[in-house]
Amino acid sequence: MKRIVITCAAAAALATSLFAVAHGNVTPQGVDTTGLPVLGEKWREENPYKGNQLALKIGTSAYNQNCARCHGLEAVSGGIAPDLRLLDRDCVGMRNEAKKKACYKEIDAYFLTSIRHGKVRNGAVYMPPFEGVFNQEAMWAIKTYLETRRASE
Ligand code: HEC
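Residues numbered from 1 in each chain as written. Predicted model: local features only at pLDDT ≥ 70, side-chain atom pairs only at ≥ 80, totals over all residues. Heavy atoms only, no water.

## Things to note about the overall build of the chain
Then step 1. Helix and strand content of the chain: five helices and five strands.
Then step 2. Across the chain, contacts joining residues at least 24 apart in sequence account for 62% of those joining residues at least 6 apart. (Helix = DSSP H or I, 4+ residues; strand = E, 2+ residues; numbered from the N terminus. Contact = heavy atoms within 4.5 Å.)

Have a look at this one:
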């Protein structure tokens, strides 16, 4: 039997205390991506919405409803799940533009894999998969939000 191990920092009022959330108690929130360029079936390798203001708005809300309970409010991790401001920290300081671009692309691909499939090791679910819960548009909208939270080196 698969075991679900989900321990997250609680939102807002409970920000300082930790609690365990049992599987089934947490319903992932659907994300309305109306107005964003439609991406279709094929998975993109890179964020197609970089800098898109509507994507940022949708992504901010989607992050707060679906990711913040584990990854922290405003992507500042409480220590349980990785701090997503640091996701592309290795790319930020790169001087060579071509290498930097390739680095960001690699991170985009890693982000998409992480969010689509979640993080499951040895039958334990550290992060649930979001494929089938969100469409691709919502996933990249969240990435667009995270890019505004990026640590500056
Ligand atoms: C139930 C808690 C939980 C939720 C909800 C959750 N995550 Fe995670 N996430 C984790 C944990 C824990 C890890 C680290 C897993 C590991 O150790 O392999 C992780 C890893 C990641 C990673 C890889 C980070 C890295 O530095 O390697 C990304 C990207 C990510 N999550 C994005 C998201 C996004 C986006 C959402 C919201 C759609 C989300 N997560 C929702 C718990 C969660």
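## A word on the side chain of Ser77
Then step 1. Relative to the assigned elements, Ser77 resides in the loop between α2 (68–71) and α3 (89–92).
Then step 2. Since its relative accessible area comes to 17%, Ser77 is described here as buried.
Then step 3. A polar atom in the side chain of Ser77 sits 2.5 Å from the backbone oxygen of Ala81.
Then step 4. Those residues in contact with Ser77, other than ones at most four positions away along the chain, are His71, Gly72, Pro82 and Asp83. (Buried < 20%, exposed > 50% of the residue type's maximum accessible area, 1.4 Å probe, protein only. Polar contact = N/O pair within 3.5 Å; in protein donor to acceptor, adjacent residues only side chain to side chain.)

## Section: the state of the cysteines
Then step 1. Scanning all chains against the criterion turns up one disulfide.
Then step 2. With a sulfur-sulfur separation of 2.1 Å, Cys91 is cross-linked through a disulfide to Cys103. An S-S torsion of about -75° defines the bridge between Cys91 and Cys103 as left-handed. A residue pair is termed long-range when its members are at least 10 positions apart, and Cys91 in helix α3 and Cys103 in helix α4 (residues 97–117) qualify at 12 residues. (Disulfide = S-S within 2.5 Å.)

## A closer look at empty space enclosed by the protein
Then step 1. Under the definition given, this model contains one cavity of 30 Å³ or more.
Then step 2. If you go around the largest cavity, the residues you meet are Leu84, Arg85, Leu87, Asp88, Lys143, Leu146, Glu147 and Arg150. (1 Å grid on protein atoms, 1.4 Å probe; cavity = no way out; pocket = protein on both sides within 12 Å on 5 of 7 lines; lining within 4 Å. Points joined across faces, edges and corners; volume = space filled by probe spheres on them.)

## Side note on the packing of helix α1 (residues 53–66) against helix α5 (residues 136–148)
Then step 1. Packing of α1 against α5 brings their axes to within 7 Å, and their N-to-C directions diverge by 95°. Of the possible angle classes, the one that applies to α1 and α5 is roughly perpendicular. Each of Ala55, Leu56, Ile58, Gly59, Thr60, Ala62 and Tyr63 in α1 lies in contact with α5, whose residues at this interface are Ala141, Ile142, Thr144, Tyr145, Leu146 and Thr148.
Then step 2. Class assignment of the residues belonging to the contact of α1 with α5 gives a composition of nine nonpolar, four polar and no charged. (Axes fitted to C-alpha atoms, helices over the stretch in contact; angles between N-to-C directions. Parallel < 35°, antiparallel > 145°, perpendicular 65-115°, else oblique. Nonpolar A, V, L, I, M, F, W, Y, C, P; charged D, E, K, R; others polar.)

## A closer look at α1
Then step 1. Along its 14 residues, α1 runs 20 Å from first to last C-alpha, staying within 8% of the 20 Å computed at 1.5 Å per residue.
Then step 2. Taken as a whole, α1 has its buried residues at Ala55, Leu56, Ile58, Gly59, Ala62, Tyr63 and Asn66.
Then step 3. Summarising the contacts, the buried residues of α1 are in contact with α2 and α5.
Then step 4. In this structure Asn52 caps α1, since a side-chain oxygen of it lies 2.9 Å from the backbone nitrogen of Leu54. (Expected span 1.5 Å × (residues − 1).)

## Here's the deal with the coordination of the iron atom of the ligand
Then step 1. Each protein donor to the iron atom of the ligand is listed here as His71 (NE2) and Met127 (SD); together their distances run 2.0 to 2.1 Å.
Then step 2. Taken together, the six donor atoms coordinating the iron atom of the ligand span angles of 83 to 179° at the metal, a pattern that classifies the geometry as octahedral. With His71 in helix α2 and Met127 in strand β5 (residues 124–127), this residue pair connects regions lying 56 residues apart in the sequence. Met127 carries the same exposure label as His71, and that label is buried. (Donors = N, O, S within 2.8 Å, 3.2 Å for Na, K, Ca; no water. Tetrahedral: all angles 85-135°; square planar, octahedral: opposite > 155°, others 65-115°.)

By themselves, these figures tell us nothing about what the structure is for.
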